[in-house]
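Geometric and topological summary
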Amino acid sequence: MWPLVVVLLLNSAYCGSAQLILNVTKFVEYTNCNTTVLLPCIVYNIEATGLEELFVKWKFGGKYIFTYDGAKREPKPNINFSSAKIFPDDLLKGNASLEMNKEHAIPGNYTCEVTELSREGDTVVELKYRLVSWFSPNENILIVIFPMLAILLFWGQFGIVTLKLNSSIMKEKTILLFVAGLVLTIVVIVGAILFIPGEYSTKRASGLGLIVVPTVVLILLQYAVFMIAPAIGMSSFSIAILILQVLGFVLSVVGLSLCVSVCAPVHGPLLISGLGIVALAELLGLVYMKFTATNQRTIQPPRKAVEEPLNAFKESKGMMNDE
Ligand SMILES: *[C@@H]1O[C@H](CO)[C@@H](O)[C@H](O)[C@H]1NC(C)=O
Ligand SMILES: *[C@@H]1O[C@H](CO)[C@@H](O)[C@H](O)[C@H]1NC(C)=O
Ligand SMILES: *[C@@H]1O[C@H](CO)[C@@H](O)[C@H](O)[C@H]1NC(C)=O
Ligand SMILES: *[C@@H]1O[C@H](CO)[C@@H](O)[C@H](O)[C@H]1NC(C)=O
Ligand SMILES: *[C@@H]1O[C@H](CO)[C@@H](O)[C@H](O)[C@H]1NC(C)=O
């Protein structure tokens, strides 16, 4: 009985040394953000002293997609995986990992087969594709909500201005405001449609640009509204609001430039705070206008009756003094 055990033990020991042991990686993931994909293949017990002892084959879907003949130092990628390569310098350390461009990567099971003289081994690694959204869901919502809100608030200001204006000359001026506001609204809506949540793409990036950049028009519109609205003009409060809005716009454009070409942006909060400040400035503008408008209504009747003769009196007095 003992000889049998010895033979079995020797046999298994022999078999063990005849096999290459490959570390098992069940799967690797890649996303839209990887430019290249690395499929790991690590031989744990490599003993080769020269590349000529090694031969590497990678298989996908029952076909060899890449072979490396160590004796000839010759990599041979399949035409459909033309960017596939291994790193011969790492091969003697047992690293037969395959790298390829994302464009050539296909999700599925890849088999790595390594031969070292008479020893050989293989392992299967699954390549998975994972969808990642460009911005997080919350960021997506805020990026669209803030500019929309700012535009709505502009229309609120516009409404107040047109209701309060009496002279038809001023009303004609508001037609220009209306057209500019309408174009802005349409552009931002188109931007929001292009920007619909999903992976990074040039379409989404241009959508984001269409949402953010045109908000510069809101600054001009708010300025125009302040100038047209009765009893506002360039007060220190309206100047402060406009400065705040310029600041918000600058922040959001800086945020945009940091995010627009990045697959996984980290400066979303900067962009969003800029857009939030723009919306806040529009809100303050609306509140300010509403406030002065109601104030004016209560003060107006006596003032209107008194102001004109008073002004005429002042003018004539001034003229008399000048002379
Ligand atoms: C491969 O597996 C061996 C044994 O399980 C472990 O000691 C080694 O660290 C692994 N190497 C790598 C690169 O994962
Ligand atoms: C994709 O990129 C990520 C982050 O750089 C990396 O951790 C991952 O291993 C890459 N995936 C593949 C399959 O190479
Ligand atoms: C390349 O891919 C095409 C379509 O996927 C397939 O028909 C063809 O056989 C592949 N070529 C090779 C050499 O595997
Ligand atoms: C294998 O080689 C590749 C390419 O040099 C490297 O990126 C990877 O980290 C290596 N893997 C290990 C486990 O050393
Ligand atoms: C890859 O192999 C694993 C294990 O055999 C299996 O569960 C999985 O469905 C395979 N994946 C593909 C894409 O065929």
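Residues numbered from 1 in each chain as written. Chains lettered and ligands numbered in written order. Predicted model: local features only at pLDDT ≥ 70, side-chain atom pairs only at ≥ 80, totals over all residues. Heavy atoms only, no water.

1. Some details on the overall build of the protein chain
Where we set the bar: Numbering of helices and strands starts at the N terminus; helices are DSSP runs of H or I of at least 4 residues and strands are runs of E of at least 2. Residue burial is assigned from relative accessible area. The probe radius is 1.4 Å, only protein chains are included, and a residue is buried under 20% of its type maximum, exposed over 50%, and partly exposed in between. By the convention used here, residues are in contact when the closest approach between their heavy atoms is within 4.5 Å.
Summing up its helical and strand segments, the protein chain has eight helices and eight strands in all. Within the protein chain, the fraction of its 323 residues that count as buried is 39%. Counting only contacts in the protein chain whose residues sit at least 6 apart along the sequence, the fraction spanning at least 24 positions is 65%.

2. Topic: the site of ligand 4
Here is the rule we go by: One heavy atom within 4 Å of a molecule or strand makes the whole residue count as near it. In protein, a polar contact requires one atom able to donate a hydrogen and another able to accept it; more generally it is a pair of N or O atoms within 3.5 Å, and residues adjacent in sequence count only if both atoms are side-chain atoms. What sets the accessible areas is the Shrake-Rupley method with a 1.4 Å probe; for residues, cover comes only from the shown protein chains. Classes in brief: Ala, Val, Leu, Ile, Met, Phe, Trp, Tyr, Cys and Pro nonpolar; Asp, Glu, Lys and Arg charged; the others, Gly included, polar.
Around ligand 4 sit Leu38, Ile42, Phe87, Asp90, Asn95 and Ser97, and those are all the residues in its vicinity. With respect to ligand 4, the side chain of asparagine 95 contributes an N or O atom lying 2.4 Å from an oxygen atom. Bound to the protein, ligand 4 loses 48% of the 360 Å² it would expose on its own. Per-class residue counts for the shell around ligand 4 are three nonpolar, two polar and one charged.

3. Description of the UniProt feature "transmembrane region" (unreviewed entry) in the protein chain
For clarity, the cut-off: UniProt positions are given in the numbering used here, feature names are shortened, and annotations may be inferred rather than shown by experiment.
This chain's UniProt record puts "transmembrane region" (unreviewed entry) on residues 141-163, 175-196, 208-229, 241-264 and 270-289. Regarding residues 241-264, the helix share stands at 79% and the strand share at 0%, and the terminal C-alpha atoms are separated by 33 Å. Between the C-alpha atoms that bound residues 270-289 there is a distance of 29 Å. The span itself is 100% helix and 0% strand.

4. Some details on the sheet that holds strand S1 (residues 27-30)
For clarity, the cut-off: In this analysis, strands are considered paired if DSSP registers two or more bridges between them. Note on geometry: axes are C-alpha line fits, over the in-contact stretch for helices, and angles between N-to-C directions span 0 to 180 degrees.
One open sheet accounts for six strands, arranged S1-S8-S7-S3-S4-S5; its pairing is mixed. The sheet is open, and its two edges are formed by S1 and strand S5 (74-77), each paired on a single side. Each strand of the sheet is rotated relative to its neighbour by a mean of 20°, with strand direction disregarded. Examined bridge by bridge, S1 and strand S8 (residues 119-129) share four bridges and lie parallel to one another. Each residue of the ladder has a partner; that of phenylalanine 27, found in S8, is glutamate 126.

5. Overview of the confidence of the model for the protein chain
The cut-off we apply is this: Per residue, pLDDT measures the predictor's confidence, with a range of 0 to 100.
Taken as a whole, the protein chain shows an average pLDDT of 86; of its residues, 85% reach a score of 70 or greater. Taken together, the stretch residues 1-16 has pLDDT below 50 and engages in zero contacts with residues farther than four places along the chain or on a different chain. Segment residues 299-323 is flagged for pLDDT under 50; beyond a separation of four residues in sequence, or across chains, it makes one contact in the model.

6. Quick notes on helix H3 (residues 137-164)
Just so we agree on the cut-off: To estimate how far a helix should reach, multiply one less than its number of residues by 1.5 Å.
An ideal rise of 1.5 Å per residue puts 40 Å on 28 residues; H3 measures up with 41 Å between its terminal C-alpha atoms. Among all positions in H3, only Glu139, Asn140, Ile143, Pro147, Ala150, Ile151, Leu153, Phe154, Gln157, Phe158, Ile160 and Val161 are buried.

7. Here we look at the packing of aromatic side chains
For clarity, the cut-off: Note on aromatic contacts: the rings of Phe and Tyr and the six-membered ring of Trp form a pair at centre separations within 6.5 Å, being stacked when their planes are under 30 degrees apart, edge-to-face when over 60 apart, and tilted otherwise.
Under the defined criterion, the tally for this structure stands at 14 aromatic pairs. Their ring planes at 55° and their centres at 6.0 Å tell us that phenylalanine 135 and phenylalanine 195 sit as a pair that is tilted. Taken as a pair, phenylalanine 135 in the loop between S8 and H3 and phenylalanine 195 in the loop between helix H4 (168-194) and helix H5 (202-212) lie far apart in primary sequence, 60 residues in all. The burial state of phenylalanine 135 is the same as that of phenylalanine 195; both residues are buried.

8. Here we look at the nonpolar core
Note the following rule: Definition used in this section: a nonpolar core is a set of buried Ala, Val, Leu, Ile, Met, Phe, Trp, Tyr and Cys residues joined via side-chain atoms within 4.5 Å.
Residues Leu39, Trp58, Ile65, Leu98, Met100, Tyr110 and Val114 are the most contacted members of the largest nonpolar core, which totals 31 residues. Contributing elements (two or more residues each) for this core: S1, strand S2 (36-39), strand S3 (54-60), strand S4 (63-69), strand S6 (98-101), strand S7 (108-116) and S8. Excluding its chain neighbours within four sequence positions, the residues that come into contact with tyrosine 110 are Leu39, Trp58, Lys59, Phe60, Ile65, Phe81, Met100, Ala105, Thr123, Val124, Val125 and Leu127. Within the second largest apolar cluster, 29 residues are counted, among which are Leu165, Leu218, Leu221 and Phe226.

9. Re empty space enclosed by the protein
To keep things clear, this is the line we draw: In this analysis a 1.4 Å probe is tested at points of a 1 Å grid over the protein atoms alone, and where it fits but cannot get out there is a cavity; an open set with protein on both sides within 12 Å along at least five of seven lines is a pocket; lining residues have an atom within 4 Å of a point. Grid points are joined across faces, edges and corners, and a volume is the space filled by probe spheres set on the points.
Applying the stated criterion to the full structure yields one cavity of 30 Å³ or more. Roughly 50 Å³ of internal volume is contained in the largest cavity. Lining the largest cavity are 10 residues, and of these Ile160, Ala229, Pro230, Met289 and Ala293 lie nearest its centre. Elements represented by at least two residues in the lining of the largest cavity include exactly H3 and helix H8 (268-322).

10. Thoughts on the state of the cysteines
The condition is simple: Two cysteine sulfurs form a disulfide in these notes if their separation is within 2.5 Å.
Following the criterion strictly, the structure yields two disulfides and no others. In this model cysteine 33 forms its disulfide with cysteine 263; the gap between the sulfur atoms is 2.0 Å. One disulfide, between cysteine 33 and cysteine 263, carries an S-S torsion of -80° and so falls in the left-handed class. Taken together, the positions of cysteine 33 in the loop between S1 and S2 and cysteine 263 in the loop between helix H7 (236-259) and H8 put the pair 230 residues apart, joining distant regions of the chain. Under the relative-accessibility criterion, cysteine 33 is labelled partly exposed at 32%. Here cysteine 41 is linked by a disulfide to cysteine 112, with a sulfur-sulfur distance of 1.9 Å. Every disulfide takes its handedness from the sign of the S-S torsion; for cysteine 41 and cysteine 112 that torsion is -70°, giving left-handed.

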